[in-house]
Each structure stands twice: as C-alpha cells, then as structure tokens.
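Each chain, letter by letter, is given below.
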Amino acid sequence: MSPDPGFFGPPPVDPAEVQRLSRVGVVDVGSNSVRLVIFDGAARSPAYFFNEKVLCGLGRDLAETGRLNPEGKTRALAALNRFQHIGESLGITPMLAVATAAMRVAEDGPDFQQEILDRTGMRLRVIDGAEEARLAAQGVLLGWPEASGYVCDIGGSSMELAQVSAGEIGWRDTSALGPLALSQLGSEKAVRARVEEQLKRLRKAMPDQPSRLYLVGGSWRAIAKIDMVRREYPLQVLHEYRLDRDTLPATLDLIDSADPYTLRKQAGISGERMALLPMAGQVLRGLLKVLEPEEIFVSAYGLREGLLYEEMPEALRTADPLIESCRHAEMSSARVPGFGATLYGYVRSLFPDADRARLRLIKAACLLHDVSWRTHPDYRAEVCFDYAARANMGGLSHGERVYLGLALLHRYKNNRAGTRFDALRPLLTDEEVREAEILGRALRFGAMLTLGGDEDMGRLDWDPAAKRLVLHLSDHTQPLFGEVSEARFMALAKALEAEVSVLAPESLAG
C-alpha cells in the first residue's frame, strides 16, 4: 500500500519560505509579566529557542491609580532593554513586540511606550482587546487546527473571549476580569458580583452556547497544575490537559483553603503567580456558572504563538502540526531522512481498520522512529518514549502522546516493564496498549530491512480473521533477513498472536 500524499508528499510550502521563520522573536508586555520568546519556527509546531519571563506587575494598582506601577515600569524597562540586546545579538530585530491591557488603559501608557522606544529602540505596538482576543485564538489554532468553541484568555488586567470554528475566528470581546483588576475591588462579595455581571454581559453577546472552552494564560495554566497535583495526574503536560467541570470546584476550593507556600511548591508555581490565583479562581467559578461549558481544555499556546501563526504562510497554517513537526524532526535528525514514508507503507497493512486519527499517529511514529539514534543504546527506548509523551508538539491529546511514546519505546525494546510508561498506563485502554506495541515491533522489524530509503522492501500481508501474517521478501530484503531480523519478525508475530509464513522472491526461491 503506498503512502498517502497528504502526509508524505512534498512539504506544504516552499522550504525557502519556511526557512524565513527559522528565528522569530516575540515580546509580550502584559499587565503582570513581560516576556521574550524566540521561536525556531521552521516546523509547524513552535519550538522555543529562547524563553524568558519577568513578572513586573505593570498593572498592579492600575484600577485604583489609573497609572502603571512605578516599580513595574522600572523592571519592565530593564527587561525590555535586555530583550532588545538579545534580539540584536541574534540578528532578529525588529522583533514582534506587543503590549496588552495595562498599557492600553493606563493614562501614562503612551508616555511609557515612547520611553521604551527612546531607551531601548524597541517599537512596541499596543493592541486593543479585540486584537488581543484574535491573537490568543490564533495561538490555539496553531496547536488545535480543528478547535471549535471559545478561547478564553486571562491576563493580569483583562480577560478575552473569542469564537473559533473550522480554522476561523469569529465573535470576540474583552472584559476587565484580570486578577490584578479584580484585586482592587476589596471584598470577595464585590469580586463575585463584578465577575457575574461581566460574564452575563459576555454570555448575552456570544453567538451560541460555549460548549467547549480553551483556556489561555498563565493563571489558567497554574490552576491546571494544581488540578494535576490534586488528582495525582500522571502526565505533567499542560497542553490539551482536560479539566473536569464536575471536580474543578474542588481544585478551586483547595486554592482558597490550602497553605499557599506548600501548594505552590507542590505544583511548581512562583509566589507572584500564586498570589493571583484566588482571583482567577473566582473568574473560573463564574465561567462554570454562567457559561456552563461541557468541556474545558488548557492550551499552552496563546498570544505569542498567535503572532508566530500570523507570520506563517497560509499553506503552512493549514498543515497538520503533528505531522509537520515529525517531518521536520526526521529531516534534521534521522539517519535516513525520508525513510518514514517507506516504512509507513510497509506497516500500514497491519492496521486495516484504523481510522484517520489512528493512521495519523502511525505516520508520526514512522517519521520519528529513528530520530533518537544518537542516544546511548541502553537509553534509546526511554528517550523515544519521553520524546513523544512529553515533547512540545501540538495536535496531540494526552492519550495520543502516550500511545505514540509507547510505540516508539517498543521500536527499541520488546519489554516495557519498569519503564516510564508504567506511571502513564491509565491513560490508555488495553486495546490501545496492544496496538501501540504491535506498531513499535513492526517499526523495529522494518528498520532492519534497509540502509537506504527507497528500496523495495517487499510487503507484509496480515489476515486478522485467520490470524495469519505473511512476510513477502523482495530481492533487496532477502539477504537482509538474517538471524536478528528474523527474531524481530517473530516478536511482531507474537504481539499479533499470528501464525507466520515467509515467502522469498522467485529469483531466489530455488
């Protein structure tokens, strides 16, 4: 069976055009933090070449004074000066530099914007709430091309909502529901009243029922970390982490009642961020009550990734982030770049009933099967597993991460007992575990049958009803089918619980 061109044909855009994104610098001046991210943007999923954040608190006391926090301005100016010098040293200036709620509402915001330009040379673009919502939604689309629902982006001084569907961004609005803004209201009763008032206004304006929410922003991610601690969740990956709407209030209660120092140490949260969580928790309680979402997911991608998405050619935006990331990894790290397509065609027959979602993971595993070859042989299985299960790749649910990781683990090792997979076993069904093992053993065997990439590998014929696996050797693979490769073929047959036959090519059969 030949590989389908949608995944293994030419790259979706000219490589020279993609190379233009090899370094993209983004500066985000928020109400709470000032951050520089430099993306290695040659792949469809963002890779973080450099990432530095300073919690300046520009928006602290803004609601009361109408002005940016003086200490925050000093810290922000120092951080931005450093960031500008980093960009210049790497040859990536001018960078994409934006400022959000605090800078746009503070009366001294324009003066500070000019001071930043005069002192650092950085030209900062202050965006309005609708633009902030749009960029955050674009960040979600970077990781979730098929996202459908509402993106909810919380910053220090504001919270934005944006509708996403079929790769498009629709209705969007902003509100003053950031934790720093709410903290100026005084009493908890006043906070709850403001949250409910603003959310009811937003809900009335929303075009349809927000059945799914994608949460963007540091405070939401911190709450998700605490939710993981409370649930003893085994995979510490925030992107596509699902919050259970029925048990989420227990996490918010924990934030309100537990010792903040102990809790933040358990979850790995800074003191500055921890101080914002009670207010962010009140907003999240309001979202549950007023919007009544059925599903809530956390996105690790937001405004900064939305700016990277903006720089991508349209053809790259619509490409599959997982497959393009794996393709990029294979071309840069595999011993035989391009062999993944051949290998996919070889193992595809073992999965006759696989749907497109499963085939996508099989294709990804084929592309990644050899990217960790430089690792010491004793650790390749573990490194392969971690590469998939914990990698910064978009377009993967947590279960899919573990499935892909397990397949790659079995690419190098038959026995998984005592590996890192043990802790993550609850995220897969028994059938998924079996299927991932079959895939991994198929990759382990198939990799033995070539040293190039385009040779005729023969084929595997699998009859699941008869439980029979037939190996058809080609002229090329006949001499490569030695003692070790035969043992790996038998290990694959064992995983399939199959009877086997080996057929040599006619030219060598006599």
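On a predicted model such as this, the values are computed, not experimentally measured, just so you know. (Residues numbered from 1 in each chain as written. Predicted model: local features only at pLDDT ≥ 70, side-chain atom pairs only at ≥ 80, totals over all residues. Heavy atoms only, no water.)

Undergrad: What am I meant to see in empty space enclosed by the protein here?
TA: Empty space among the atoms can be located by rolling a probe the size of a water molecule over them. Following the criterion strictly, the structure yields one cavity of 30 Å³ or more and no others. Quantified by volume, the largest cavity comes out at close to 370 Å³. At the level of elements, strand E6 (149–154), helix H10 (218–231) and helix H15 (303–311) are the ones that each hand at least two residues to the lining of the largest cavity. Of the residues in the lining of the largest cavity, the class split is six nonpolar, 12 polar and nine charged. (1 Å grid on protein atoms, 1.4 Å probe; cavity = no way out; pocket = protein on both sides within 12 Å on 5 of 7 lines; lining within 4 Å. Points joined across faces, edges and corners; volume = space filled by probe spheres on them. Helix = DSSP H or I, 4+ residues; strand = E, 2+ residues; numbered from the N terminus. Nonpolar A, V, L, I, M, F, W, Y, C, P; charged D, E, K, R; others polar.)

Undergrad: I tried to follow the sheet that holds strand E13 (residues 468–472) on my own but got confused; where do I start?
TA: In a beta sheet, neighbouring strands are held together by backbone hydrogen bonds and run either parallel or antiparallel to one another. Strand order across the open sheet formed by three strands is E12-E13-E14, with mixed pairing between neighbours. Both outer strands of the open sheet, strand E12 (459–463) and strand E14 (499–503), are each paired with one neighbouring strand and no more. Shown here is a sheet whose adjacent strand axes are inclined to one another by a mean of 15°, direction ignored. As paired strands, E12 and E13 are joined by five bridges and run antiparallel to one another. The partner of tryptophan 462 across the bridge, within E13, is leucine 469. (Pairing = 2+ DSSP bridges. Axes fitted to C-alpha atoms, helices over the stretch in contact; angles between N-to-C directions.)

Undergrad: Explain the packing of aromatic side chains to me, please; I cannot follow it from the model alone.
TA: Given two aromatic rings, their pairing is described by the distance between the two centres and the angle made by the two planes. Going through the model one piece at a time under the given rule, you end up with 11 aromatic pairs. Aromatic side chains phenylalanine 481 and phenylalanine 489 sit 6.2 Å apart centroid to centroid with 75° between the ring planes, which places their arrangement in the edge-to-face category. Of the residues examined, phenylalanine 481 reaches a relative accessible area of 17% and is grouped as buried. Judged by relative accessible area, which is 1%, phenylalanine 489 ranks as buried. Geometry around phenylalanine 49 places arginine 23 over its ring, the cationic atom sitting 3.8 Å from the centre. (Phe/Tyr/Trp six-rings, centres within 6.5 Å; stacked < 30°, edge-to-face > 60°. Buried < 20%, exposed > 50% of the residue type's maximum accessible area, 1.4 Å probe, protein only. Lys NZ or Arg CZ within 6 Å of the ring centre and 35° of its normal.)

Undergrad: What exactly am I supposed to notice about the sheet that holds strand E1 (residues 24–29) here?
TA: Spatial strand order, E3-E2-E1-E4-E5: five strands in an open sheet with mixed pairing. Whereas interior strands pair on both sides, the edge strands pair on one side only; in this sheet they are strand E3 (47–54) and strand E5 (125–126). Note that E1 and strand E2 (residues 34–40) share six bridges and pair antiparallel. Opposite aspartate 28, over in E2, you have arginine 35 as the bridge partner.

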